[in-house]
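Take a look at the letters that make up each chain.
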Amino acid sequence: MAKDVKPTRKELMQIEDRIELSERGHGTLEKKRDGLIMEFMDILDKAQDVRGDLADDYEAAQTKINMARAMEGDVAVRGAAAALQEHPEITTESKNIMGVVVPQIESSRVSKDLGQRGYGIMGTSARIDEAAEAYEDLLESIILAAEVETAMKKMLTEIETTKRRVNALEFKLLPELYENQDYIEQKLEEQEREEIFRLKKIKEKKEQEEKEARQAEADTGSTGEVDAEQATAGGVPGGD
Amino acid sequence: MSSSASNPEYVNARVRSRRNALFSDEDYRKLIRMGPSEIARFMEEHEYEEEINRLGARFSGVDLIEYSLNRNLAKHFDDLLEWADGRVYDQIARYLRKFDVWNVKTIIRGIYTDTPSEEIGTDLIRAGELPDRTVDRLLEVETIEDVIEVLEGTLFYEPLDSAYEHYEETGALVPLENALDRAFYENLLGDLGRPTEGPEAMYVEFLQAEIDFRNARNALRLARSGADLDPAEFYIEGGVLFDRSELSRLVSDYDALVDHIADDPRYGDRLDAALARLREADSLIAFEHAVDAALLEYSDRLSSVYPVSVSAVFSYILAKEREVENIRAIARGREVGLSEEEIEEELVIL
């Protein structure tokens, strides 16, 4: 990764911005994950209770319907069920638990009284009433279990996603960004060192050149004096 | 209704042999230990051979048993009406009309739920007074209004016709079903008067018990359910346990209602144990069970006190009904996994 990064100051600033954002995101996601887990534990307790009630209600309803089928006959039980006029209805809304949209199921016309079940009272028995009542209770439990367990599953999916995001930030993205940051910083420092060295070298070279130039100049000056002296000495004897 | 002279002796003589074919306690003890297919085999080897063989290709398991029991019951009760003439016919028919009520209710429920007429026909028990051709015509019609039209001339026509408006308003079958049941119960005693001695007195006492127990069951169910229903609507005339205003008053006070039944001189002792359980537990089932046992006891007394009257025929009708219910209970009980003890507890055997 680091090899693909351009070691520029601009890139470093961008990476620093990303690190800051990722660290903030990591903290927030960690808090969200912990909150979701706490909410999930509450829902889990509720779901366990609801499951227990559902199993009890199912067993009770089966016992009642079995008794009704045995004592009244299948035909009578089927007939009483056929007379039902108002079938149960459910409506679903949604509520938000820490950003997770979970269903809220509202049921109506599930529990009925004797006059609402559709069958005539004079020709039926308490066994049919008790079986109907037990199944109404069971249906209520199923609806509640559907609501709680769907919420639980959605929370679980969200916890998993959040956990993956936290881990991705913690173990992948942030380490890479830190690595890139280090890489660029090192590169930049190296470049700085090279620059200083280069400048030093240039300066040295320049100084050397200047020195040489000065030397050369000095050398040139001393040679001229000697010639002049020689020229002066030669003219005098000729004047004799 | 037959207009010839009454012939209770003849009917009784025919019934006696049928009574001997009923399953004994020993048979029940064997049946309780059997699975559904063994029960079907046992039935085939005894009284129910024809029905099991006829229905064996269409049904299996407990359905075969239940439908065979219903067919056999219908055959026997149809024979009773065939043999009876005059007053004895009338006395038998007024009780067997409960099967007409069952059939009309089943047909109405079938039409209400768009069930094919073949399926509805399977659930019928043709043991009532309505002739087969009327029942077949009822199966052919497509609306509840047409069912009422077909029943014109029977005792069910007027109550159904009156209840139909209420049905149209509410869309619920309750008014029609209640009208049918009320027509049946209120015609049970009809013009019988209140004889104080002889076989007729016992017969009337039995029918009164049937009405009283039905009123008691309904009152207890209404009291327990807390439904916003007028108890007077479900009151059946003819019994001695409640009058209309008494019933309306007692439905709002469950304990007073139970006390009222317990204090009754005619039924208090018979239902004592069941009422005690009713006070302790929330379930009405034990009470209904006790009521069924009390009715069977009545019927047994009917046969022994006046053996050549209609009372003995009645005793047979109840015993046969009980046999059908017991075998069905055993078979269904075994099918759904009830233990032998649980099934035994539910059986009503004298």
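Going along each chain's sequence as written, the residues are numbered from 1 onward. Following the order in which they are written, the chains are lettered starting with A and the ligands numbered starting with 1. Two thresholds apply to this predicted model, a pLDDT of at least 70 for residue-level local features and 80 or more for giving and counting side-chain atom pairs, whereas whole-chain, interface and lining totals are computed over all residues. The side-chain values count all of the structure's non-hydrogen atoms but skip hydrogen atoms and water molecules.

Student: In this structure, what is going on with the packing of aromatic side chains? I would like to understand it.
Tutor: Each aromatic ring pair is summarised here by two numbers: the centre-to-centre distance and the angle between the ring planes. Residues and elements named next belong to chain B. We call Phe, Tyr and Trp rings a pair once their centres come within 6.5 Å, taking the six-membered ring for Trp, and we label the pair stacked below 30 degrees between planes, edge-to-face above 60, and tilted otherwise. In the structure shown here, the tally under the stated rule is 12 aromatic pairs over all chains. Ring centres of Phe23 and Phe42 lie 5.5 Å apart, and the angle between their planes is 70°; on these two criteria the pair is classed as edge-to-face. In this pair, Phe23 sits in the loop between α1 (8-20) and α2 (25-32) while Phe42 sits in helix α3 (residues 36-45), placing the two residues 19 residues apart along the sequence. Think of it in three bands: residues with accessible area under 20% of the maximum for their type are buried, residues over 50% are exposed, and the middle band is partly exposed, with areas taken using a 1.4 Å probe on protein chains only. Classification of Phe23 as buried rests on a relative accessible area of 8%. We classify Phe42 as buried; its relative accessible area is 7%. An aromatic cluster is built from Tyr95, Tyr203, Phe206 and Phe314, whose rings are joined through pairwise contacts. In DSSP terms, a helix is any run of H or I states spanning at least four residues, a strand is any run of E spanning at least two, and both are numbered starting from the N terminus.

Student: Can you walk me through empty space enclosed by the protein in this structure?
Tutor: Residue and element names in this part refer to chain B. Grid points spaced at 1 Å over the protein atoms alone were grouped into cavities, where a 1.4 Å probe fits but cannot get out, and pockets, open sets with protein on both sides within 12 Å along at least five of seven lines, with lining residues defined by an atom within 4 Å of a point. Grid points are joined across faces, edges and corners, and a volume is the space filled by probe spheres set on the points. According to the stated counting rule, one finds one cavity of 30 Å³ or more in the structure shown. Lining the largest cavity are Arg18, Ala21, Leu22, Glu47, His76, Tyr316, Lys320 and Glu323. For the lining of the largest cavity, the element with the most residues is helix α17 (residues 310-335), which contributes three residues.

Student: Looking at this model, I keep getting lost on the pattern of salt bridges. Mind explaining?
Tutor: Side-chain pairs of opposite charge can arise whenever the charged atoms involved come near each other. Criterion for a salt bridge: a side-chain nitrogen of Lys or Arg within 4 Å of a carboxyl oxygen of Asp or Glu. Evaluation of the coordinates by the stated rule reveals 39 salt bridges over all chains. A salt bridge links Arg332(B) to Asp74(A), with the shortest nitrogen-to-oxygen separation between them at 3.3 Å. With Arg332(B) in helix α17 and Asp74(A) in helix α2 (residues 74-82), this pair bridges two chains. According to the relative accessible area criterion, Asp74(A) is buried, its value standing at 13%. Residue Glu136(A) is joined to Arg117(A) by a salt bridge in which the shortest nitrogen-to-oxygen separation is 2.8 Å. Taken together, the residues Glu136(A) in helix α3 (residues 126-238) and Arg117(A) in the loop between β2 (100-108) and α3 connect sequence positions 19 residues apart. We classify Arg117(A) as buried; its relative accessible area is 6%. Bridged by salt links that share partners, the residues Arg69(A), Asp74(A), Asp63(B), Glu66(B), Arg332(B) and Glu335(B) form one connected network.

Student: Whenever I open this one, unusual backbone geometry confuses me. Can you help?
Tutor: Glycine aside, residues mostly have negative phi angles, and peptide bonds mostly take the trans form. All names here are of chain A. Residue Arg109 is not a glycine yet carries a positive backbone phi of 60°. With respect to the helices, strands and loops of the structure, Arg109 is situated in the loop between β2 and α3. For Arg109, a relative accessible area of 35% gives the class partly exposed.

Student: Whenever I open this one, a negative patch on the surface confuses me. Can you help?
Tutor: All names here are of chain B. A cluster of acidic side chains, namely Glu142, Glu145, Asp146, Glu149, Glu152, Glu158, Asp161, Glu165, Glu168 and Glu169, defines a negative patch on the protein surface. Where the negative patch is concerned, the elements lending two or more residues are α9 (144-150) and α10 (157-170). It is α10 that provides the largest number of residues to the negative patch, a total of five residues. Turning to its location among the elements, Glu149 is positioned in helix α9. With relative accessibility at 42%, the residue Glu149 sits in the partly exposed group. Only residues above 30% relative accessible area that lack a salt bridge enter a patch, with like-charged residues linked at up to 9 Å and the nonpolar side chains Val, Leu, Ile, Met, Phe, Trp and Tyr linked at up to 5 Å. The protein chains shown are the only cover counted for residues, whose accessible areas, like all others here, come from Shrake-Rupley with a 1.4 Å probe. We treat Lys and Arg as the positive residues and Asp and Glu as the negative residues; His and chain ends play no part in the count. The atom standing in for a charge is NZ when the residue is Lys, CZ when it is Arg, CG when it is Asp and CD when it is Glu.

Student: Can you help me understand the pairing of strand β1 (residues 89-97) of chain A in this one?
Tutor: Across a regular strand the side chains alternate sides, sitting on one face of the sheet and then on the other. Residues and elements named next belong to chain A. Pairing of β1 with β2, which is carried by nine bridges, proceeds in the antiparallel orientation. Paired with Glu89 across the strands is Ser108, a residue of β2. Taking the residues between adjacent antiparallel strands as the criterion, β1 and β2 are bridged by two residues, where Met98 takes a positive phi near 50°. In this description, strands pair whenever DSSP reports at least two bridges between them.

Student: Which parts of the structure should I look at to understand the confidence of the model for chain A?
Tutor: Detailed reading of predicted coordinates is not advised where the pLDDT is low. Residue-level confidence of the predictor is what pLDDT reports, using numbers from 0 through 100. When the pLDDT values of chain A are averaged, the result is 88; 92% of them are 70 or greater. Per-element confidence in chain A is highest for helix α1 (residues 9-72) of chain A, whose mean pLDDT is 93, and lowest for α2(A), whose mean pLDDT is 87.

Student: Help me out: how do you make sense of the interface of chain A and chain B in this one?
Tutor: Many authors give the size of an interface as the accessible area that is lost as the parts come together. Taken together, the contact pairs 33 residues of chain A with 45 residues of chain B. Looking only at chain A, the three residues that lose the most surface to chain B are Val75(A), Ile121(A) and Met122(A), adding up to 22% of its buried area. Inspection of the chain A/chain B interface yields six salt bridges. Notably, a salt bridge pairs Arg78(A) with Asp123(B), separated by 2.8 Å at the nearest N-O pair. Looking at which element gives the most residues to the side of chain A that touches chain B, the answer is α2(A), with seven residues. Working rule for contacts: check all heavy atoms of both residues, and any pair within 4.5 Å makes them a contact. Two parts lose some accessible area (1.4 Å probe) when they are put together, and adding that loss for both gives the buried area.

Student: Whenever I open this one, the environment of Thr106(B) confuses me. Can you help?
Tutor: With respect to the element layout, Thr106(B) can be found in helix α6 (residues 86-112). Ignoring sequence-local partners within four residues, the contact set of Thr106(B) consists of Ile120(B), Asp123(B) and Leu124(B).

Student: Looking at this structure, how should I read α2(B)?
Tutor: Turn by turn, an α-helix covers 3.6 residues, leaving residues three or four places apart pointing in a common direction. Residues and elements named next belong to chain B. Within α2 the residues assigned to the buried category are Asp27, Tyr28, Leu31 and Ile32. The buried residues of α2 occupy an angular sector of 135° when the element is viewed end-on, so they sit on one face. Looking at the buried side of α2, the elements it contacts are α3, α17 and α18 (340-346). The arc refers to the directions leading from the helix axis to the C-beta atoms.

Student: When you look at the confidence of the model for chain B in this model, what are you seeing that I'm missing?
Tutor: Across chain B, the average pLDDT comes to 87, with 98% of residues at 70 or higher. The ipTM value of the predicted complex is 0.81, and its pTM value is 0.77.

Student: I keep staring at the environment of Glu129(B) and nothing clicks. Help me out?
Tutor: All names here are of chain B. Locating Glu129 in the fold gives a position in the loop between α7 (117-122) and α8 (132-140). Classification of Glu129 as partly exposed rests on a relative accessible area of 23%. With 31 residues separating them along the chain, Glu129 and Lys98 place their C-alpha atoms 9.1 Å apart. Within 3.5 Å is the distance limit for a polar contact, defined as a pair of N or O atoms, with the added protein rule that one can donate a hydrogen and the other accept it, and that residues adjacent in sequence qualify only through two side-chain atoms. For Glu129, the side chain forms a polar contact with the side chain of Tyr89, separated by 3.4 Å.

Student: Where do I start with the side chain of Ser125(A) in this structure?
Tutor: If you trace the backbone, Ser125(A) turns up in the loop between β2 and α3. Looking at Ser125(A), its side chain comes within polar contact range of the side chain of Glu72(A), at 2.9 Å. With residues up to four places along the chain from it excluded, the contact list for Ser125(A) reads Glu72(A), Arg217(B), Arg221(B) and Glu288(B).

Student: What exactly am I supposed to notice about the packing of α2(A) against α6(B) here?
Tutor: For any two helices packed against each other, one specifies the crossing angle of their axes together with the interaxial distance. Only the stretch in contact is used when fitting a helix axis, every axis being a line fitted to C-alpha atoms; angles between N-to-C directions are given from 0 to 180 degrees. With their axes 9 Å apart at the nearest point, α2(A) and α6(B) run at an angle of 50° to one another. Looking at the two axes, α2(A) sits oblique to α6(B). Both α2(A) and α6(B) take part in a crossing whose hand is left-handed. Where α2(A) approaches α6(B), its residues Val75(A), Ala76(A), Gly79(A), Ala80(A) and Ala82(A) are matched on the opposing element by Trp102(B), Arg109(B) and Tyr112(B). Basically, the charged four are Asp, Glu, Lys and Arg, the nonpolar ten are Ala, Val, Leu, Ile, Met, Phe, Trp, Tyr, Cys and Pro, and anything else, Gly included, counts as polar. In terms of residue class, the contact of α2(A) with α6(B) is built from six nonpolar, one polar and one charged. Reported orientations rely on four angle classes, namely roughly parallel under 35 degrees, roughly antiparallel over 145, roughly perpendicular from 65 to 115, and oblique for the rest. Left-handed describes a crossing whose near helix is turned anticlockwise from the far helix through less than a right angle; right-handed describes the clockwise counterpart.

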